Amino acid sequence: MRLKVQPARRPLSGDYRPPGDKSVSHRAAIFGGLAEGETEIHGFLDSADTRATLEAMAALGAEVSESNGVIRMRGGHLQAPAGDLDLGNSGTGMRLLTGALAGHPDLFGASIRLVGDESLSARPMARIIEPLRTMGADIDSTDGRAPLTVRPRRLRGIRHALPVASAQVKSALLLAGLNADGVTELTEPGISRDHTERMLPTFGGRLERGKLQCRLDGGQHLIGTLCRVPGDLSSAAFALAAGLIVEGSVIQLTEVGLNPTRDGVLRIVELMGAGLERTVLTANDEEPAGHLQVRSGKLSGVDVAAELVPLAIDEFPVLMALAACADGTTRVRGAEELRVKESDRLAVMCRELAKLGVRVTEYPDGADISGGPVRGGRVDSHGDHRIAMSLAVLGLVADGSVEIENAEWIRTSYPGFVDDMRALGAEMEWL
Ligand code: S3P
């Protein structure tokens, strides 16, 4: 489907509440299925990706029901699924589940196939398969990619240094470590999102943490609990970016997750000169959240420091769109991980921005993006939800309408995107 965006004719304004956090929703579904007894999840993200994980947990024997937007799960006793587990487009679902299943004692003797769509089947899985095999896991892949076949069996804990800062790899290994013999100890080269580490203790799990280390004992027993999923900062980033670039806009973003391992986008836009006011609501060990007020204003290009890259990893498509509206040049480096997301986000953003007249230079691990006038035109999401939404935001300041092909992929993370943007005053329609 094609999404048509008209240049904004008036400022955007209003209160905006983002949908539930995708990363936290995946984890809540997985922990809810693993934990004994009842788990209640409030604010679960209703999207294709998170549904796929929830359905996989149901196929693995968790009881799942839903009423008034609250998900209830009864877990703790897994069984082999009747068919393949289809994780659709979701790298988080596939990687975390593979770790959770690899050593699960209820599933010993089973053979479980995890499949995904074309994009997911092209993404690297060796990054989890190799360390899981070191733990003793029996996993087959197709040249290091999905489909994966997991034959759960007894694992042993490992001490492992992750070569890239990846919350998915870290979480897969922690989930495997919960069922392993002995201790699993991980070290990361940089900070990545810590939702798994924050959620585990709420399910009665035990974990020790340092800045770049975490360590847990195997043989843990999880107990169901109440989970509250905060608003997704990665989804809110689109409204935030729109509010920054459409002249005269003032938007109040409410109940947004402000986890410091995820807030790189806020730090980067602040360095670009954005006016943001934060009101922190919760600053506990679970997921911090708060309100953000965004006002449009002049932005300047920046050199994005490499250590901020993992903290804003999903926001680079929209940050690149913002850079196209800033004075001067924004330089991103150390971001080669963007090439193995739902699309090669460096290549795709550079190509699509250029179609709208933006001056970009692509590098193996980043890009230079210069601000200037943005033309209307036709672009393509390349099957990537965040590319589609980033280009839609940029369309609000183009000199003519922008049409985005294959924009229906937005459903993977944010089915309500177009309605939410319209509620703020943007003109967008499905063609
Ligand atoms: C995620 C981790 C990140 C991020 C992805 C969600 C998670 O991936 O890009 O959208 O929920 O753990 P990597 O771990 O591959 O960096």
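Residues numbered from 1 in each chain as written. Predicted model: local features only at pLDDT ≥ 70, side-chain atom pairs only at ≥ 80, totals over all residues. Heavy atoms only, no water.

Enquirer: An account of the pairing of strand β21 (residues 366-370) is needed here, citing residue identities and associated values.
Expert: Along β21, 5 of the 5 residues are buried, which leaves the element largely enclosed by surrounding structure. Where burial is concerned, the two faces of β21 agree: the one with Gly366, Asp368 and Ser370 and the one with Ala367 and Ile369 are both buried. Looking at chain direction, strand β19 (residues 329-332) and β21 are connected through 4 bridges and run antiparallel. Opposite Thr330, over in β21, you have Ile369 as the bridge partner. Where strand β20 (residues 359-363) lies against β21, 5 bridges are found, and the strand directions are antiparallel. Note that in β21 the partner of Val360 across the bridge is Ile369. (Buried < 20%, exposed > 50% of the residue type's maximum accessible area, 1.4 Å probe, protein only. Helix = DSSP H or I, 4+ residues; strand = E, 2+ residues; numbered from the N terminus. Pairing = 2+ DSSP bridges.)

Enquirer: Explain the site of the ligand residue by residue, including any values.
Expert: Near the ligand, the surroundings consist of Ser23, Arg27, Thr92, Arg95, Ser166, Ala167, Gln168, Arg193, Ile313, Asp314 and Lys341. In the environment of the ligand, an oxygen atom lies 2.7 Å from a nitrogen or oxygen atom belonging to the side chain of Ser23. Contacts to the ligand include Ala167, whose backbone N or O atom sits 3.0 Å from an oxygen atom. Protein burial of the ligand: of its 390 Å² of free accessible surface, 96% is covered by the chains. Only α1 (22-34), α3 (91-102) and α5 (167-177) provide two or more residues apiece to the shell around the ligand. Considering only residue class, the shell around the ligand consists of 2 nonpolar, 4 polar and 5 charged. Both domains that furnish three or more residues to the shell around the ligand are identified here as domain 1 (3-20 + 230-430) and domain 2 (22-228). (Near = heavy atom within 4 Å. Polar contact = N/O pair within 3.5 Å; in protein donor to acceptor, adjacent residues only side chain to side chain. Areas by Shrake-Rupley, 256 points an atom, 1.4 Å probe, with all protein chains shown as cover. Nonpolar A, V, L, I, M, F, W, Y, C, P; charged D, E, K, R; others polar. Domains from an automatic or database assignment.)

Enquirer: I'd like a description of the sheet that holds strand β17 (residues 289-295), backed by residues and values.
Expert: Strand order in the open sheet formed by 4 strands is β2-β15-β17-β16, with mixed pairing between adjacent strands. What marks the edges here is a single partner per strand, and that holds for β2 (13-16) and β16 (275-282). Strand-to-strand, the axes of this sheet are offset by a mean angle of 15°, without reference to chain direction. In this sheet, β17 lies alongside strand β15 (residues 250-257) in antiparallel orientation, the contact comprising 6 bridges. Across the sheet, residue Val256 finds its bridge partner in β17, namely Gly290. Seen against the sheet, helix α7 (residues 233-245) touches β2, β15, β16 and β17 and runs at an angle of roughly 165° to β15. (Axes fitted to C-alpha atoms, helices over the stretch in contact; angles between N-to-C directions. Contact = heavy atoms within 4.5 Å.)

Enquirer: I'd like a description of the side chain of Ser370, backed by residues and values.
Expert: Along the chain, Ser370 turns up in strand β21. One polar contact links Ser370 to Thr329, side chain to side chain, over a distance of 3.0 Å. Those residues in contact with Ser370 that lie beyond four places of it in its chain are Ala323, Ala324, Gly328, Thr329, Val358 and Arg359.

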